[in-house]
Structure formats: C-alpha cells, structure tokens
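# Structure at a glance
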Amino acid sequence: AFRSAAACIALAARGCECFSRMLRTALRRAAAARPHARSLSAEASITVEFPGAYTAYLSEEPAAAAETTKAELLEYFKTMYTMRRMEITCDNEYKARTIRGFCHLYDGQEAIGTGVQAALSPEDSWITSYRCHCIALARGGTVEGVLAELMGQSHGQTGGKGGSMHFYNKEHNFFGGQGIVGAQVPVGTGLAFANKYKTPLGEPMPVAIGCYGDGAANQGQIWESMNMAALWKLPMIFCIENNQYGMGTSISRSSCNNDYYTMGNVIPGLKMDGMNVLSVREGMKHVRDYVSQGNGPMVVEMSTYRYHGHSMS
C-alpha cells in the first residue's frame, strides 16, 4: 500500500511538472503573438475615472477622476495589502490565544484608511473608533508595533498598556483608538477647535477628522458635536464608515435615515465609494479644502463593507 501511495504521489508530481511546462510554453507563445506594447514608466501620469462614486448634499460633487502614477498605485496597493495581511494575522493569533480581550478588525475597509491618509496633511488631527489597527499603521505605526501592542509587549505602540482599542501616536497627530462607541467624535471636535484656535486669522487651518461607524451615527453626543462645529465653523470632518452593520444589525433596521451624509441638517455632506482608494483620496481632498478654509464642518459617508464580524471576541 505504501509503494502504491508513493507511486501515485510520484505520478502526480510528474503530471504537475508536465502541466507546468505546458503552461510556460503557452504563456511564451501568447506573449510572442501579442503586439509589442509600450511599457508604462513608474512616474508617467494616468487618469482614472470612477463615475457615480460621489453623491453630494448642500455642496458640489468633486470630479470623479484622479491623476495618478504606476508608482503611486503600487504604493497604495502595498499599504492596503499590508493592512489586510496584518489583520488576518491578528485573526489567527487571536484564535491561537496569543492576542486576548477585545479585537475589532478592519479588513475590507483598507481603502478608507489609505485614501484618507493620502488626502490629509501631517498636521491634521485624526481620531477614530476602536477599529483602529490599520489607522495606527497608516499614521506612522509599524506592523511590529501594532502586533506587539496587541500581545501586551512593552515595545508595542503604546507600551503594551492600551491593547487593541487604544492606539495613540501624538507625534503623528493620531489620537486613538476610543473604546466607547462614538466617544471619539466630541474629542475630535475639540481637536478641530484647537486647530482653529492655534491658526492665525485668515490662514488655512489644519483639519480634524473623527471616524465612526453607522452604529454610532444616531448618538446624542454626535448631534451635539455637529451643532457646536457648525456654530463655530470648526475645521471638522465627521466621517461615517458605513459598513452596513452596527454589530450584527443592518442599517435598515437601526436608522430611520440611511443617507448618513445628510444627517448634518445645515452641514454639507458627501457620500463616496469607500471601496475605491482613489475616490476616497480625491473626495477627501475636496472635503479637506472646504473645511480648512473656514467654511465650517462637513459630513462624509464612506460606503464600505467589513469582511469579519463586529469583533473577534
């Protein structure tokens, strides 16, 4: 039986080798048959269009197109791929019990973190929910620092004392990581107030962005923050990462208004495709320019989807 099994394995290996040779031959012939194509240099500018990516409320839609380069696209891909592999590793390590406690993963939403980071300046303030591993990475962190923090190690990003929900990096103007649903929004509004207070009158201001999920969008503290931001014309971006479910409850069952970008009443809003890194980047450039000029806040809805459940725990 053993010899029979060994013979089968050897036969399968020869079959795979034969198929591999056939595939390589076919690819060479196909490449030879194609007309010689001009290669795209890493820095050559290309235009990418994404019609239908935006819907505006009390404001104009940005152009649904972006100028980019091969090098830039590869860098975005590398960032998003790193985020995805890091979060899948967190999944595996949580199941192996080397990561304990709460653990909310961001896989599926990587285009938002990457696109927002590409649109902001280093001086802008960013605060988000407890689903914050990838934002910490985008805002000056490292994979080692993130994983070490999740495992409670002293060389983690916050010394192993914060864990999954409490990343922080003052040097890069990243203010967390908030463990309480929606609590980051009033704090983000305070950051916007500080940015306006510290900027000489008439000059463009650094902005603040507070990211929260659809499950937090109807909280009273968010409405109060919007009211103050509108009254004082703060450079604040209220960013709803609408991944369609608050924990396990769909948006149609939890909110009477599913057009979250219109929730600011008199505050302009913009809905964008949160699964397209370029539409996020261009949309956020448009929003940042608006709020930094002293026009007041703006509400942004990112339409996205997470590939894990609400929490690993």
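Residues numbered from 1 in each chain as written. Predicted model: local features only at pLDDT ≥ 70, side-chain atom pairs only at ≥ 80, totals over all residues. Heavy atoms only, no water.

The next thing to look at is the overall build of the chain. Across its full length, the chain carries nine helices and 10 strands. In the chain, the share of contacts with a sequence separation of at least 24, taken over all contacts with a separation of at least 6, comes to 72%. Only carbon and sulfur atoms are counted for the fraction: they give 57% of the accessible area of the chain, which is about 16,000 Å². (Helix = DSSP H or I, 4+ residues; strand = E, 2+ residues; numbered from the N terminus. Contact = heavy atoms within 4.5 Å. Areas by Shrake-Rupley, 256 points an atom, 1.4 Å probe, with all protein chains shown as cover.)

The next thing to look at is the pattern of salt bridges. All told, the structure shown has six salt bridges when counted by the stated rule. Glu110 serves as the salt-bridge partner of Arg84, at 2.5 Å between the closest nitrogen and oxygen. Taken together, the residues span a long stretch of sequence, with Arg84 in helix 2 (residues 70-95) and Glu110 in helix 3 (residues 110-119) at a distance of 26 residues. Classification of Glu110 by relative accessible area gives buried; the value is 3%. (Salt bridge = Lys/Arg side-chain N within 4 Å of Asp/Glu carboxyl O. Buried < 20%, exposed > 50% of the residue type's maximum accessible area, 1.4 Å probe, protein only.)

This prediction gives the chain a mean pLDDT of 90; 88% of its residues lie at or above 70. When the criterion is pLDDT under 50, residues 1-13 qualifies, and its contacts beyond four places in sequence or with other chains add up to zero contacts. (pLDDT = per-residue confidence, 0-100.)

Relative to the helices and strands, Asn173 resides in the loop between helix 5 (143-150) and helix 6 (184-198). By relative accessible area, Asn173 is classed as buried at 17%. Within the local environment of Asn173, its side chain forms a polar contact with the backbone oxygen of Pro122, the two atoms lying 2.9 Å apart. Filtering out sequence-adjacent residues up to four positions away, Asn173 remains in contact with Pro122, Glu123, Asp124, Ser125, Trp126 and Arg139. (Polar contact = N/O pair within 3.5 Å; in protein donor to acceptor, adjacent residues only side chain to side chain.)

Quick look at the packing of helix 2 against helix 3 now. Each packed pair of helices is defined by two parameters, the angle between the axes and the distance between the axes. Where helix 2 contacts helix 3, the axes come no closer than 9 Å and their chain directions differ by 135°. By the angle class used here, helix 2 and helix 3 are oblique. The interaxial crossing formed by helix 2 with helix 3 has right-handed handedness. For the pair helix 2 and helix 3, the contacting residues are Tyr76, Thr79, Met80, Met83 and Arg84 in the first and Glu110, Ala111, Thr114 and Ala118 in the second. Among the residues forming the contact of helix 2 with helix 3, the class breakdown is five nonpolar, two polar and two charged. (Axes fitted to C-alpha atoms, helices over the stretch in contact; angles between N-to-C directions. Parallel < 35°, antiparallel > 145°, perpendicular 65-115°, else oblique. Left-handed = near helix turned anticlockwise from the far one by under 90°. Nonpolar A, V, L, I, M, F, W, Y, C, P; charged D, E, K, R; others polar.)

Once that is clear, we can look at the nonpolar core. Membership of the largest hydrophobic core comes to 47 residues, with the highest contact counts inside it found for Val116, Trp126, Ile209, Ile237, Met284, Val300 and Met302. Per-element tally for this core: the top contributor is helix 9 (residues 277-292), with six residues. Sequence-distant contacts of Met284, defined by excluding residues within four places in its chain, comprise Val116, Ala119, Ile209, Ile237, Met272, Val300 and Met302. Residues Ala192, Ala217, Met263 and Ile267 belong to the second largest nonpolar core, which totals 21 residues. (Core = buried A, V, L, I, M, F, W, Y, C linked by side-chain atoms within 4.5 Å.)

A grouping of Phe193, Tyr197, Met228, Leu231 and Trp232 is seen on the molecular surface, where their side chains present a nonpolar patch of about 600 Å² in accessible area. Within the secondary structure, Met228 sits in helix 7 (residues 220-231). (Patch = residues over 30% accessible without salt bridge, like charges linked within 9 Å, V, L, I, M, F, W, Y side chains within 5 Å.)

Before going further, it helps to spend a moment on unusual backbone geometry. Working note: non-glycine residues mostly have negative phi, and peptide bonds are mostly trans. With a phi angle near 55°, Leu58 is a residue other than glycine that sits in the positive phi range. Counting through the fold element by element, Leu58 comes out in the loop between strand 2 (54-57) and strand 3 (65-69). In this structure, Met247 is a non-glycine residue whose phi angle is positive, near 55°. Along the chain, Met247 turns up in the loop between strand 7 (245-246) and strand 8 (249-250).

What follows is about the pairing of strand 10 (residues 298-303). Here strand 10 lies mainly inside the structure; five of its six residues are buried. Looking at chain direction, strand 6 (residues 236-242) and strand 10 are connected through six bridges and run parallel. Paired with Ile240 across the bridge in strand 10 is Glu301. The sheet contact formed by strand 9 (residues 269-273) and strand 10 spans five bridges and is parallel. In the strand pairing of strand 10, Met272 is matched with Met302. For the segment spanning strand 9, helix 9 and strand 10, crossover handedness is right-handed. (Pairing = 2+ DSSP bridges. Right-handed = clockwise from strand over helix to strand, strands pointing away.)

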